[in-house]
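# A closer look at the structure
Here is how the chains run, residue by residue.
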2 protein chains.
Amino acid sequence: MYSKKSPKEILHQYGLKVTNARVKVLHVLMQSQVALSHGDIFSRINGNGLDKVTLYRTLSSFVNAGLAHKVATEDRTWLHALHMPEERDEGVEDHAHFVCDTCERIYCLPLVTEAAAAVPIKESGFQVKSHEYRLHGTCPECH
Amino acid sequence: MYSKKSPKEILHQYGLKVTNARVKVLHVLMQSQVALSHGDIFSRINGNGLDKVTLYRTLSSFVNAGLAHKVATEDRTWLHALHMPEERDEGVEDHAHFVCDTCERIYCLPLVTEAAAAVPIKESGFQVKSHEYRLHGTCPECH
DNA sequence: AATATTATTGCAACAAAGTTGCATTTTTGC
DNA sequence: GCAAAAATGCAACTTTGTTGCAATAATATT
């Protein structure tokens, strides 16, 4: 899905210095279809000795650079996921997240912009700059 | 907006015991157009000596009873707001929240269900049970 | 290829938000 | 009014994430 580009190339493209930590974290994120918590990523990487603070800062740098985004969960943690490839190319700001109430995975879904724009802000005076559509239910794994 | 019913009546209606804490918290929520944090509510009530834990538990009881709902914020706290009156009557599960990027207030907006339903879950296998549409931008107070 | 500059890392200590256990008090159905 | 059940207050605790700072690593330049 993230096609031919290597973590290193992607980091370059986003103006991030190429470090061990970043390559590893990016690699983990690239392999996941779902948004991951700090703990998810941490446990997939250690062994390779990476400080928890470094991981926080790495994720933060990804978000700042526009490479990833984060989603607040029900249990006051953050999940991180890379932007969809088409988002990365086009700078789209819309997001749809599907929260599975059974397994608690959060999937990032492509969101068609017309649907987002159709939402009625009848109360005028609100200027919308970005969207997040969040769906709850049961994911394919949990049927 | 919450019309004629008193906090006491509403608590009864939702099967919650009528206590000082609940009446005070409900009163505060009824007077607010925006979702409030624990801190917001706490500071509007003390003077009247209410323990922080009691407030957490009170809010929790409101959510469990279906009287209020909560929204996770960008800084990993919860905001609480009563359901819209029409939601309280009809058991609608959709939500739209407008997050003002300037003043950080979160408004609960009525969300028209057709718009929500129109979101494309082309990836089938996802069973949607509830929605939250989250909009970011600038609110009328901040223009 | 070595170096200077600048950003990143690791560690320890810290902060904030929310939770748990338990004894005491309050509600409420009878 | 009384008994049973639930809510409250307090203190200690957990979890998640942050800050300061010295040591280390990455990159542009020579």
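This text follows the structure it describes.
Residues numbered from 1 in each chain as written. Chains lettered and ligands numbered in written order. Predicted model: local features only at pLDDT ≥ 70, side-chain atom pairs only at ≥ 80, totals over all residues. Heavy atoms only, no water.

The next thing to look at is the packing of helix H2 (residues 20–30) of chain A against helix H4 (residues 52–65) of chain A. All names here are of chain A. Taken N-terminus to C-terminus, the directions of H2 and H4 make an angle of 70 degrees; their axes are 10 Å apart at the nearest point. Overall, the two elements H2 and H4 adopt an arrangement that is roughly perpendicular. The chirality of how H2 crosses H4 is right-handed. Contacts from Ala21, Arg22, Val25, Leu26 and Leu29 of H2 reach H4 at Thr54, Leu55, Thr58, Leu59, Ser61 and Phe62. Of the residues belonging to the contact of H2 with H4, the class tally is 7 nonpolar, 3 polar and 1 charged. (Axes fitted to C-alpha atoms, helices over the stretch in contact; angles between N-to-C directions. Helix = DSSP H or I, 4+ residues; strand = E, 2+ residues; numbered from the N terminus. Parallel < 35°, antiparallel > 145°, perpendicular 65-115°, else oblique. Left-handed = near helix turned anticlockwise from the far one by under 90°. Contact = heavy atoms within 4.5 Å. Nonpolar A, V, L, I, M, F, W, Y, C, P; charged D, E, K, R; others polar.)

Next up on the list: the packing of aromatic side chains. Tallied over the entire structure, the rule returns 0 aromatic pairs over all chains. Positioned over the ring face of Trp78 of chain A is Lys70 of chain A, at 4.3 Å from the centre of the ring. (Phe/Tyr/Trp six-rings, centres within 6.5 Å; stacked < 30°, edge-to-face > 60°. Lys NZ or Arg CZ within 6 Å of the ring centre and 35° of its normal.)

Surrounding DNA strand C, one finds 20 residues, the nearest of these being Thr19, Arg22, Thr54 and Arg57 of chain A together with Val18 of chain B. For DNA strand C, the backbone portion of the atoms within 4 Å of the protein, that is sugar and phosphate, comes to 64%. In the environment of DNA strand C, a phosphate oxygen lies 2.6 Å from a nitrogen or oxygen atom belonging to the side chain of Arg22 of chain A. One nitrogen or oxygen atom from the side chain of Tyr56 of chain B is found 3.1 Å from a phosphate oxygen belonging to DNA strand C. Every element with two or more residues in the surface near DNA strand C is listed here: H2 and H4 of chain A together with helix H4 (52–65) of chain B. Classifying every residue of the surface near DNA strand C by side-chain character gives 7 nonpolar, 5 polar and 8 charged. (Near = heavy atom within 4 Å. Polar contact = N/O pair within 3.5 Å; in protein donor to acceptor, adjacent residues only side chain to side chain.)

Here we take up the environment of Gly66 of chain A. Residues and elements named next belong to chain A. For Gly66, the position within the fold is in the loop between H4 and strand E2 (68–72). Taking the relative accessible area as the measure of exposure, Gly66 reaches 30% and is therefore partly exposed. Distance from Gly66 to Leu82, taken between C-alpha atoms, is 8.8 Å for residues 16 residues apart in sequence. (Buried < 20%, exposed > 50% of the residue type's maximum accessible area, 1.4 Å probe, protein only.)

All names here are of chain B. Strand order in the open sheet formed by 3 strands is E1-E3-E2, and the pairing between neighbours is antiparallel. Looking at strand neighbours, the two that pair on one side only are strand E1 (36–37) and strand E2 (68–72), the edges of this open sheet. Bridge count between E2 and strand E3 (residues 78–82): 5 bridges; the pairing is antiparallel. Residue pairing in the sheet places His69 in a bridge with Ala81 of E3. Sheet contacts for H4: E2 and E3; angle to E2, the most-contacted strand, approximately 110 degrees. (Pairing = 2+ DSSP bridges.)

The subject of this paragraph is H2 of chain A. Among all positions of H2 of chain A, only Ala21, Arg22, Val25, Leu26, Val28, Leu29 and Met30 of chain A are buried. Contact partners of the buried residues in H2 of chain A: helix H1 (7–13), strand E1 (36–37), helix H3 (38–45), H4 and strand E3 (78–82) of chain A.

All names here are of chain A. For H3, the full list of buried residues reads His38, Ile41 and Ile45. Relative to the axis of H3, the buried residues are bounded by an arc of 75 degrees and lie together on one face. H3 presents Ser43 and Arg44 as exposed residues on the side facing more than 90 degrees away from its buried surface. (Arc of directions from axis to C-beta.)

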